[in-house]
Amino acid sequence: MKIIRSKQRHTTQAIAWLIVILLIFVLGLRARRAEREGAIESTQPVFAYLNAPTLATNNFVRVDVGNTTNLPIEVLGFDVNGSTFLPARRYWLSMESVDLLIDVNEADKTAKVSDIVLQALEPTQNPVVSYARFNIPLAEIHRQNSEHDFMQEMNIQVLTRILGIDEVETTPARHGYPTAHTVPTPSDQ
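Computed from a predicted model, the values in this text were never measured in an experiment.

Okay, unusual backbone geometry next. Even without a glycine there, the phi angle at Asn81 is positive, about 55°. With relative accessibility at 33%, the residue Asn81 sits in the partly exposed group.

Let us look at the packing of aromatic side chains. This model, assessed by the stated rule, comprises four aromatic pairs. An angle of 65° between the planes, with centres 5.7 Å apart, marks the rings of Tyr49 and Tyr131 as edge-to-face. Note that Tyr49 is positioned in strand 1 (residues 46-51) and Tyr131 in strand 6 (residues 131-137), a separation of 82 residues in sequence. Exposure class is identical for Tyr49 and Tyr131. Each is buried. Between Phe78 and Phe134, the aromatic rings sit 5.1 Å apart at their centres with planes inclined by 70°, giving edge-to-face as the arrangement. Pair noted here: Phe78 is in strand 3 (residues 73-80) and Phe134 is in strand 6, with a separation of 56 residues, a long-range link. Accessibility classification places Phe78 together with Phe134 in one group, the buried group. Three or more aromatic residues joined by ring pairs make a cluster, and in this case those are Phe78, Tyr91, Trp92 and Phe134.

Time to look at the pairing of strand 2 (residues 60-67). Of all eight residues that make up strand 2, eight are buried, and the element is covered over most of its length. For strand 1 and strand 2, the ladder comprises six bridges, and the chain directions are antiparallel. Directly across from Val46, in strand 2, lies its bridge partner Asn67. Two strands pair when backbone bridges link them, and strand 2 and strand 6 are joined in this way by seven bridges, in the antiparallel orientation. Bridging across to strand 6, Gly66 finds its partner in Tyr131.

With that settled, the discussion passes to the pattern of salt bridges. Between side chains of opposite charge, a pair can form as their charged atoms come close. Scanning all chains against the criterion turns up three salt bridges. Two residues, Arg133 and Asp64, come together in a salt bridge whose shortest N-O distance is 2.9 Å. Of the two residues, Arg133 sits in strand 6 while Asp64 sits in strand 2, which places them 69 residues apart along the sequence. The exposure classification of Arg133 matches that of Asp64, with both residues buried. The residue Arg143 makes a salt bridge to Glu140 at a minimum N-O spacing of 2.5 Å. You can see Arg143 and its partner Glu140 sitting in helix 3 (residues 138-144), three residues apart, about one turn around the helix. What makes Arg143 exposed here is its relative accessible area of 57%. Residue classification places Glu140 among the buried positions, given a relative accessible area of 15%.

Definitions and cut-offs
- The numbers attached to residues start from 1 for each chain and follow its sequence in the written order.
- A pLDDT threshold of at least 70 governs which residues receive local features in this predicted model, and a stricter bar of 80 or more applies before side-chain atom pairs are shown or counted, although totals over entire chains, interfaces and linings include all residues.
- Computation of side-chain values covers all heavy atoms of the structure but excludes hydrogens and water.
- Each residue is placed in one exposure class: buried if its accessible area under a 1.4 Å probe, protein chains only, is under 20% of its type's maximum, exposed if it is over 50%, and partly exposed if it falls in between.
- Pairing of aromatic rings covers Phe, Tyr and Trp, the last counted by its six-membered ring, and requires centre-to-centre distances within 6.5 Å; plane angles under 30 degrees mean stacked, over 60 mean edge-to-face, and any other angle means tilted.
- Per the convention used, a helix needs a DSSP run of H or I reaching at least four residues, while a strand needs a run of E reaching at least two, with both numbered from the N terminus.
- The criterion for strand pairing is that DSSP finds at least two bridges linking the strands in question.
- In what follows, salt bridge is the name for a side-chain nitrogen of Lys or Arg lying within 4 Å of a carboxyl oxygen of Asp or Glu.

Below is the structure:
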């Protein structure tokens with residue numbers, strides 16, 4: 001009888017310890033998520049710059065997007081003039097820009113993640129931000145909105161979110177962009 005009670009006591013203690021460990025783990029996850037959410041409130045997560053479309057030569061508009069945080073950033077897509085949403089496509093990236101992405105499988109297997117996730121800003125490279133160049137085909141914009149007037153200035157917003165956070169941030173792509181931070185492409189050389 002004493003042996004059975006002793007085993008029951010040890011089993012009860014083991015279960016209690018497992019519950020304590022599980023609670024610590026869950027609280028740690030919640031604290032990490034709160035830390036990520038706080039990071040997005042304290043800074044602009046991305047910088048984005050827009051180059052004018054060049055109809056005669058390229059038939060695309062360039063949007064350069066740089067991660068300014070120490071967390072990976074998902075690029076979800078582009079809002080053109082508030083009326084057309086284009087999901088970001090990996091094949092729109094210049095070849096050099098692919099090096100600025102992280103492998104989504106390694107980043108967060110549980111989240112619903114787009115396939116375009118920018119690397120976190122390295123503390124050693126601060127304040128230099130690397131930019132991924134998207135070459136958005138004008139035909140794609142026209143296909144989504146056939147009434148778009150390409151003779152008018154485009155207002156493009158970049159939709160992003162910190163990896164693992166549901167809140168989406170919208171950042172305007174600004175005109176005029178410091179050339180020191182551009183990623184050269186073969187067509188630029």
